[in-house]
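Breakdown of the fold
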Amino acid sequence: MALTTGALIAGGAFASTAQAAAPKAPSIVAKGGFVMNNGTGKTLFSKAADTRRSTGSTTKIMTARVVLAQKGLNLDSKVTVQKAYSDYIVSKGASSARLIVGDKVTVRQLLYGLMLPSGCDAAYALADKFGSGKTRAARVKSFIGKMNSTAKTLGLKNTHFDSFDGIGNGSNYSTPRDLTKLASSAMKYATFRTVVKTKSTRQKVTTKSGGYRYMSWTNTNKLLGTYSGAIGVKTGSGPASKYCLVFAATRKGKTVIGTVLTSSSEANRTADAKKLMDYGFKK
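Residues numbered from 1 in each chain as written. Predicted model: local features only at pLDDT ≥ 70, side-chain atom pairs only at ≥ 80, totals over all residues. Heavy atoms only, no water.

**Points about the overall build of the protein chain**
Along its length, the protein chain carries 9 helices and 11 strands. Taken over the C-alpha atoms alone, the protein chain extends approximately 95 × 35 × 35 Å along its principal axes. In the protein chain, buried positions account for 51% of the 283 residues. Within the protein chain, counting contacts between residues at least 6 apart in sequence, those at least 24 apart form 62% of the total. In the form shown here, the protein chain has an accessible surface area of approximately 13,000 Å², with 54% of it arising from carbon and sulfur atoms. (Helix = DSSP H or I, 4+ residues; strand = E, 2+ residues; numbered from the N terminus. Buried < 20%, exposed > 50% of the residue type's maximum accessible area, 1.4 Å probe, protein only. Contact = heavy atoms within 4.5 Å. Areas by Shrake-Rupley, 256 points an atom, 1.4 Å probe, with all protein chains shown as cover.)

**Concerning the packing of helix α2 (residues 60-68) against helix α6 (residues 136-153)**
At their nearest, the axes of α2 and α6 sit 10 Å apart, and the two run at 95 degrees to each other. As summarised for this structure, α2 and α6 are arranged roughly perpendicular, according to the angle between their axes. Listed contacts from α6 to M62, T63, R65, V66 and V67 of α2 are F143, K146, M147, T150 and A151. Classifying every residue of the contact of α2 with α6 by side-chain character gives 6 nonpolar, 2 polar and 2 charged. (Axes fitted to C-alpha atoms, helices over the stretch in contact; angles between N-to-C directions. Parallel < 35°, antiparallel > 145°, perpendicular 65-115°, else oblique. Nonpolar A, V, L, I, M, F, W, Y, C, P; charged D, E, K, R; others polar.)

**Here's the deal with the packing of aromatic side chains**
A complete count under the given rule lists 6 aromatic pairs for this structure. For the ring pair Y85 and Y124, a centre distance of 5.0 Å and an interplane angle of 50 degrees mean the geometry is tilted. In this pair, Y85 sits in helix α3 (residues 83-92) while Y124 sits in helix α5 (residues 120-130), placing the two residues 39 residues apart along the sequence. The exposure class assigned to Y85 is buried, which follows from its relative accessible area of 2%. Aromatic side chains Y124 and F164 sit 5.1 Å apart centroid to centroid with 25 degrees between the ring planes, which places their arrangement in the stacked category. Placement of Y124 in helix α5 and of F164 in the loop between α6 and β6 (173-174) is noted, with a sequence separation of 40 residues between them. (Phe/Tyr/Trp six-rings, centres within 6.5 Å; stacked < 30°, edge-to-face > 60°.)

**Side note on the side chain of T159**
Counting through the fold element by element, T159 comes out in the loop between α6 and β6. There is a polar contact of 2.7 Å between the side chain of T159 and the side chain of S174. Once you skip the residues sitting within four places of it in the chain, T159 turns out to touch A151, Y173, S174, T175 and D178. (Polar contact = N/O pair within 3.5 Å; in protein donor to acceptor, adjacent residues only side chain to side chain.)

**Some details on unusual backbone geometry**
Following G232, the chain continues to V233 via a peptide bond in cis, the omega torsion being 15 degrees. As for its position among the elements, V233 is in strand β9 (residues 230-238). One non-glycine residue with positive phi stands out, namely A48, at about 45 degrees. When you line up the elements, A48 lands in the loop between β2 (43-47) and β3 (53-54). Assessed through its relative accessible area of 33%, A48 is described here as partly exposed.

**Digging into the packing of α3 against α5**
Two numbers describe how α3 lies on α5: the axes approach to 9 Å, and their chain directions differ by 140 degrees. One element, α3, and the other, α5, form an angle in the oblique class. In this structure, α3 meets α5 at a crossing whose hand is right-handed. Taken together, the residues of α5 that come into contact with α3 (itself represented by A84, Y85, Y88 and I89) are C120, D121, Y124, A125 and D128. Taken together, the residues that form the contact of α3 with α5 break down as 7 nonpolar, no polar and 2 charged. (Left-handed = near helix turned anticlockwise from the far one by under 90°.)

**Focus on the sheet that holds β2**
An order of β2-β1-β11-β10-β9 is seen for the 5 strands of this open sheet, with the pairing classed as antiparallel. If you trace the sheet from one side to the other, it starts and ends with β2 and β9, each paired once. Averaged over neighbouring strand pairs, the angle between their axes works out to 5 degrees when direction is ignored. (Pairing = 2+ DSSP bridges.)

**Comments concerning the nonpolar core**
Counting 59 residues, the largest nonpolar core has I61, M115, F164, F192 and V233 as the members making the most contacts within it. Per element, the largest residue contribution to this core is 8 residues, and it comes from α5. In this structure I61 touches M115, L182, A183, A186, F192, V233, K234 and V246, once residues within four positions along its chain are discounted. Among the nonpolar cores identified, the runner-up in size contains 19 residues, and I28, A273, L276 and Y279 belong to it. (Core = buried A, V, L, I, M, F, W, Y, C linked by side-chain atoms within 4.5 Å.)

As structure tokens, then:
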């Protein structure tokens, strides 16, 4: 009998130790959250992960993904900045890469302008260049079509885009799970990885008169440089989306990647992401 009791006590002690070792799932302010192991695709955390929500500028991950998937893409090809791009920024009160009309910027530079300061003018320029059609409106429509067909190809069942930058017309939405899968797919492109982990950059662009100027852009993602191992990905905010963040970090060869949607402030968005990555690394 004593032996049985001893065995039970030992067993109980072992069970409680195992339970203590399992990290407690964090509580986040964001209405939706998801984290996965980027190497295995295993889900590490989920909160309303398949509920459709407005995505704000995290939409630009897809903008970049569509551009990078173009056949025969030349990152050094130049795009002339059109007045329509700056007019759009002004009319929408949108975040801007401060592109100057008449300047010639490369596709690579537009990707920095898109992802670091979250330039809606850079997004417009890319949609105009990589969409097909005789008019700008047709090209933009075609580019958004490519965004949606890419979502379908990637199996993002709860994702739809009606804009190239996240300033949608009511049917621009995704979910924490879908956005995480999208970011994981975009991170397969070396150019994307390089851009989204850059804290700030100074880029030399050609002016209308043939001279040059420098454009300086700083990343809106505050995790870079403040969270050990952070490697991206993209912030988003807006009246409907509130505060969003798609994030990724690598430690000791393990990469966790995830999304928080509809957090209540910039500070909470960052805190939510840090909690989820800490948890992801313990799992």
